[in-house]
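The chain contents come next:
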Amino acid sequence: MLEQTLLPERGYPSTNLSKYDVFRLAPSDSELQLMWRFLSGVSFVAASCTGFLMIAILSSPKARRTPFNLYIVGLMVPDFVFMFCCGITCALNSSQHGYVSSAMCDWQSAYLVFGVGASCWMNGLVSLELYGLMRTAATMQPYFGKSARAVSLQCLAVYAWAGFVASWTLWDVLPHQAFYTRGLLCAPTEYSVVSTYFFWFAFIPAVAGIPATIAFYVAFQCWRQSLLSRNFRTSIAMMSTASVPSAALDSEVYRHRVHQTRSLALYFTRIFLCLLLMWAPAIFLVWVLSVHSHWLVWLGATWGHLQGLVSAMMSLSKEDVKEAALHLLRCQPTRSSAVMPKPVKRAHEDSSEREVTSSLGDMDEDLNVAPMPLCASALALESPPPS
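Just so it is clear, the model here is predicted, and its values are computed rather than measured.

Before going further, it helps to spend a moment on the overall build of the protein. Secondary structure assignment for the protein yields 15 helices and four strands. In the protein, buried positions account for 51% of the 387 residues. Taking the contacts inside the protein whose residues are at least 6 apart along the sequence as the reference set, 76% of them involve residues at least 24 apart. Here the protein displays about 18,100 Å² of accessible surface, and carbon together with sulfur accounts for 66% of that area.

Quick look at the structure:
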């Protein structure tokens, strides 16, 4: 069994415990067994749902052809890895009445940092891509999404960085180690003044601080430029580089594009807020606040573990993802979208609207896709045109 120096909660006045001592507090064995069993069940359920949706998207030609659906899969991968590994770790801890080795403690710390860090960086990456999409939609400029290869390389780069940061606890030269924290989990934890500075000014920015800053900066720019406003003319007026004809602002093509882009941005915003709101309580209860209640800490950790499940359920609000999941659930073969004939141009269409339609509207026709629901139609516009 892994030898740990644990300070029992009772018998030590709270005024005599330092911040570093509080991290070593542990509940009783019976309480730990109950906590681990519940966390194991929650983790396996979340991993199963996330894995099912990843398979559904990748097995559907209609769903996987759009770049942002591939970003959804990229967001699900770290959630799946974290939940699946956590389910195994909690089950083993429950059966062995504790961590079986120091290697298992290091392993849990590694996949915890990888899961949270990769999720944060993926959200930052998606926010930058959405910002580019919204600007081109507002100014009626062509937008061509990244290929599947480019999206895959971006995701692999994020995973490599998250894995690199997760390995910091194994470097003896850094004041950064994984400990048996609060008797419930192994994670990077402060143990001295030097480690505290490194934890908050190097480790936290590398895991979540920088990508969160990117996401909030994009959100601020979208608000400043009114890119998410329902008033389409306001979006154009806020952008000094925009040169869209007045008649184009009244066209159905323009309104449709901006509306679809806005819906897509709000879709990913909800996923980002889910990650933020569900992991923030766990971080504050375990590392920021010196809470002595083990059940309160466990509640925060459990709430964070549910993030993968909630994000997976939220992804079903996208019609093509929902359709792919239903096809897989019913074991039905998926079909590509039907080829639709090109619409006939209206004779009374003015020149400015024809210009807008030819530059952006015909992208749908070049792709030869049938009309799809709200978000799915927007995503179809992002795929590069066939060579």
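Further remarks concern the packing of aromatic side chains. In this structure the tally under the stated criterion is 22 aromatic pairs. The interplanar angle of 75° and the centroid separation of 6.4 Å between the aromatic rings of Trp121 and Trp161 together place this pair among those described as edge-to-face. Of this pair, Trp121 sits in helix H5 (residues 102–138) while Trp161 is found in helix H6 (residues 148–166), placing the two residues 40 residues apart along the sequence. Aromatic ring contacts, followed pair by pair, group Trp121, Trp161, Phe164, Trp168, Trp171 and Phe198 into a single cluster.

What follows is about the environment of Trp168. Of note, Trp168 is situated in the loop between H6 and strand E3 (177–181). The spatial distance from the C-alpha of Trp168 to the C-alpha of Ala178 is 9.4 Å, given a sequence separation of 10 residues. Those residues in contact with Trp168, other than ones at most four positions away along the chain, are Leu174, His176, Phe198, Ala202, Phe203 and Ala206.

On to the pairing of E3, then. For E3, a buried count of four out of five residues is recorded, marking the element as mostly surrounded by other parts of the structure. Taken together, the five bridges between E3 and strand E4 (residues 185–189) define a ladder with antiparallel strand orientation. Bridge assignment links Tyr180 to a residue of E4, and that residue is Cys186. A loop of three residues connects E3 with E4, the two strands running antiparallel in sequence, and Arg182 in this loop sits at a positive phi of about 55°.

Let us now look at the nonpolar core. Grouped together as the largest cluster of nonpolar side chains are 44 residues, with contacts concentrated most on Trp36, Tyr99, Val165, Trp168, Leu184 and Phe203. Secondary-structure elements contributing two or more residues to this core are helix H2 (29–59), helix H4 (67–96), H5, H6, E4, helix H7 (193–224), helix H10 (252–288) and helix H11 (294–305). Looking at this core element by element, the count peaks at seven residues for H5. Those residues in contact with Leu184, other than ones at most four positions away along the chain, are Leu32, Met35, Trp36, Leu39, Tyr99, Trp298 and Ala301. Core analysis: the second largest hydrophobic core is formed by 41 residues, Ile72, Leu130, Leu227 and Val321 among them.

What the rule picks out here adds up to one disulfide. A sulfur-sulfur separation of 2.0 Å characterises the disulfide bridge that pairs Cys105 with Cys186. Note on the Cys105 and Cys186 pair: the S-S dihedral is about -105°, so by sign convention the disulfide is left-handed. Here Cys105, found in helix H5, pairs with Cys186, found in strand E4; they are 81 residues apart in sequence, far enough to count as distant.

A separate point is the packing of H5 against H7. Direction vectors running N to C along H5 and H7 enclose 20°, while the axes themselves pass 9 Å from each other. Between H5 and H7, the angle is such that the two are roughly parallel. The two elements H5 and H7 cross, and the hand of that crossing is left-handed. Of H7, the residues touching H5 (which contributes Val113, Val116, Gly117, Cys120, Trp121, Gly124, Ser127, Leu128, Tyr131 and Met134) are Phe203, Ala206, Val207, Ala208, Ile210, Pro211, Ile214, Ala215, Val218, Gln221 and Cys222. Looking at side-chain class alone, the contact of H5 with H7 contains 17 nonpolar, four polar and no charged residues.

Together, Trp161, Phe164, Leu170, Trp171 and Val173 make up an exposed nonpolar region whose accessible area comes to about 510 Å². Its place among the elements puts Phe164 in helix H6. Assessed through its relative accessible area of 36%, Phe164 is described here as partly exposed.

This brings us to the packing of H4 against helix H12 (residues 307–315). At a minimum axis distance of 10 Å, the contact between H4 and H12 shows a crossing angle of 150°. As the angle between them shows, H4 and H12 are arranged roughly antiparallel. For H4 against H12, the interelement crossing comes out left-handed. Judged by residue contacts, Ile72, Met76, Asp79 and Met83 of H4 engage Gln307, Gly308, Ser311 and Ser315 from H12. Here the contact of H4 with H12 is built from residues that sort into three nonpolar, four polar and one charged.

About the criteria used
Residues numbered from 1 in each chain as written. Predicted model: local features only at pLDDT ≥ 70, side-chain atom pairs only at ≥ 80, totals over all residues. Heavy atoms only, no water. Helix = DSSP H or I, 4+ residues; strand = E, 2+ residues; numbered from the N terminus. Buried < 20%, exposed > 50% of the residue type's maximum accessible area, 1.4 Å probe, protein only. Contact = heavy atoms within 4.5 Å. Areas by Shrake-Rupley, 256 points an atom, 1.4 Å probe, with all protein chains shown as cover. Phe/Tyr/Trp six-rings, centres within 6.5 Å; stacked < 30°, edge-to-face > 60°. Pairing = 2+ DSSP bridges. Core = buried A, V, L, I, M, F, W, Y, C linked by side-chain atoms within 4.5 Å. Disulfide = S-S within 2.5 Å. Axes fitted to C-alpha atoms, helices over the stretch in contact; angles between N-to-C directions. Parallel < 35°, antiparallel > 145°, perpendicular 65-115°, else oblique. Left-handed = near helix turned anticlockwise from the far one by under 90°. Nonpolar A, V, L, I, M, F, W, Y, C, P; charged D, E, K, R; others polar. Patch = residues over 30% accessible without salt bridge, like charges linked within 9 Å, V, L, I, M, F, W, Y side chains within 5 Å. Salt bridge = Lys/Arg side-chain N within 4 Å of Asp/Glu carboxyl O.

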